[in-house]
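The lines below spell out each chain.
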Amino acid sequence: MKASKLLKIIRKNLKEYPIDYLRNKVTDPRYRDPLTKKLAKYNSGVYDDIYAMEIIDDFEINDSVIKNMRADIGFYFDRYSAGDDENKRFTENISLYLALIAKRPLHPFSEDRKDDVYLFDGTYYCKGRMKYIHDERSLCRYCVCKNVGFSGLF
């Protein structure tokens, strides 16, 4: 499938998502967990990127990768959050966009090497990838992040 076609499908799938709810989590005092706020900010920014993106040099994405990724996300939601179809659809589409079109990490990142996911010298790194990539049907297999060597963990 062409990336432009996948992007069109992603946009269609996200059209009805209540993005203002997610954006409000960033400043809503009821959400005190900094990780929740960080994820809300990152994912709402990705949502905006999806609608702003124009693919100039279209490229092919293997249909089986799309299918497998959707199935792996489905597996995760069936196991940990059954019935949460709205967030499953959102997560699925955001993840497809990040991994296959934008080529960015599935998690928020910074340029601070002390963070778990960071950008250094044009490459994304994840401190948890070496551990989590071995989880059953891990999405780390699709993420652009590289493993951090042992010395990079400190």
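No experiment lies behind these values; they were computed from the predicted model shown.

**Re the overall build of the protein**
Part 1 of the argument: Along the protein, the regular secondary structure elements total six helices and three strands.
Part 2 of the argument: In the protein, the succession of helices and strands from N to C terminus is α-α-α-α-α-β-β-α-β.
Part 3 of the argument: Relative to its length of 154 residues, the protein is compact, with a C-alpha radius of gyration of 16 Å against a globular reference of 15 Å.
Part 4 of the argument: Along the three orthogonal principal directions, the C-alpha set of the protein runs to about 45 × 40 × 35 Å.
Part 5 of the argument: Among the 154 residues that make up the protein, the fraction classed as buried is 35%.
Part 6 of the argument: Long-range contacts, defined as pairs at least 24 residues apart, comprise 59% of the intrachain contacts of the protein with a sequence gap of at least 6.
Part 7 of the argument: For the protein, the exposed area adds up to about 9,800 Å²; of that, 51% sits on carbon and sulfur atoms.
Part 8 of the argument: Computing the positive centroid from 28 side-chain charges and the negative centroid from 24, the protein places the two 1 Å apart.

**Side note on the side chain of Ser110**
Part 1 of the argument: With respect to the secondary-structure elements, Ser110 resides in the loop between α5 (85–102) and β1 (117–120).
Part 2 of the argument: A polar contact of 2.4 Å, which involves the side chain of Ser110, links it to the side chain of Asp115.
Part 3 of the argument: Once residues lying within four places of it in the same chain are set aside, the contact partners of Ser110 are Asp115, Val117, Tyr118 and Leu119.

**Brief notes about helix α1 (residues 3–14)**
Part 1 of the argument: In a regular helix each residue adds 1.5 Å, so 12 residues correspond to 16 Å; α1 covers 16 Å between its end C-alpha atoms and thus fits that length.
Part 2 of the argument: Taken residue by residue, α1 has Ala3, Leu6, Leu7, Ile10 and Leu14 as its buried positions. In a view along the axis of α1, the buried residues occupy a sector of 100 degrees, so they form one face of it. Along α1, exposed side chains directed more than 90 degrees from the buried face belong to Lys8 and Lys12.
Part 3 of the argument: Considering only its buried residues, α1 is in contact with α3 (34–52), α4 (63–80) and α5.

About the criteria used
Residues numbered from 1 in each chain as written. Predicted model: local features only at pLDDT ≥ 70, side-chain atom pairs only at ≥ 80, totals over all residues. Heavy atoms only, no water. Helix = DSSP H or I, 4+ residues; strand = E, 2+ residues; numbered from the N terminus. Rg over C-alpha atoms; globule rule 2.2 N^0.38 Å. Buried < 20%, exposed > 50% of the residue type's maximum accessible area, 1.4 Å probe, protein only. Contact = heavy atoms within 4.5 Å. Areas by Shrake-Rupley, 256 points an atom, 1.4 Å probe, with all protein chains shown as cover. Lys, Arg positive; Asp, Glu negative; His and termini not counted. Charge placed at Lys NZ, Arg CZ, Asp CG, Glu CD. Polar contact = N/O pair within 3.5 Å; in protein donor to acceptor, adjacent residues only side chain to side chain. Expected span 1.5 Å × (residues − 1). Arc of directions from axis to C-beta.

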